[in-house]
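What follows is the residue order along each chain.
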Amino acid sequence: MGGGSSPCASCKLLRRRCAKDCIFAPYFPPDDPHKFAIVHKVFGASNVSKMLQELPVHQRGDAVSSLVYEANARMRDPVYGCVGAISYLQNQVSQLQMQLAVAQAEILCIQMQQEQPPAAMVGLPPPPQDEKSSLLLATNNFNSLQQCLGFASTSTSVMQDPLKRESLWT
């Protein structure tokens, strides 16, 4: 038996005797039967056995880890598997990069507005003192801020439903 007194998880699931040279024993211990069960369900024991036999011994552990990961991903998303998870994460990274760029642009606009010299220093007439013209000036300043940050308001429409997955081939 593959290193212990009880058969490995694969031999236990397949209800066969576990030989000393069982190819599955080092990678599918008897205390973790779910690991082999999911790999067997997605890839089949025969295919996994063939894959492991074609690999050098030092690469088999990594191959089993990859098979287990892909099998788990296929159970969650039968169509795309781990490619769907990778695509989702790449989309999330792109959205976060866009949000970061918008935040950096907003910071830059605010810094530029704070660095502008007051109107009296530039030689422009001082701002009007009556209430109506002060309101007009405030509205103009607000509108210029909106123009400076105009593209930021459209970024919210780019956000997508995180549960929606897009096809990579369409």
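Residues numbered from 1 in each chain as written. Predicted model: local features only at pLDDT ≥ 70, side-chain atom pairs only at ≥ 80, totals over all residues. Heavy atoms only, no water.

Q: Sorry, what's going on with the side chain of Ser 49 here?
A: Mapping Ser 49 onto the fold places it in helix H3 (residues 45-54). Non-local contacts of Ser 49, meaning those with residues more than four positions away in its chain, are made with Ile 23 and Phe 24. (Helix = DSSP H or I, 4+ residues; strand = E, 2+ residues; numbered from the N terminus. Contact = heavy atoms within 4.5 Å.)

Q: Would you mind showing me how to read the pattern of salt bridges here?
A: Opposite charge on two side chains permits pairing when their charged atoms draw close. The tally for this structure, following the rule as stated, stands at one salt bridge. Among the salt bridges present, the one from Arg 74 reaches Glu 70, with a minimum N-O distance of 2.7 Å. Remark: Glu 70 and Arg 74 occur in helix H4 (residues 57-76); sequence separation between them is four residues, near one turn of the helix. (Salt bridge = Lys/Arg side-chain N within 4 Å of Asp/Glu carboxyl O.)

Q: Before we go on, may I ask you to explain the nonpolar core in this structure?
A: Looking at soluble globular proteins, one finds that nonpolar side chains tend to be buried together. Core analysis: the largest hydrophobic core is formed by 21 residues, its most contacted members being Cys 8, Cys 22, Phe 24, Phe 28, Val 39 and Leu 52. Looking at which element gives the most residues to this core, the answer is H4, with five residues. Non-local contacts of Leu 52, meaning those with residues more than four positions away in its chain, are made with Ile 23, Phe 24, Tyr 27, Arg 60, Ala 63 and Val 64. (Core = buried A, V, L, I, M, F, W, Y, C linked by side-chain atoms within 4.5 Å. Buried < 20%, exposed > 50% of the residue type's maximum accessible area, 1.4 Å probe, protein only.)

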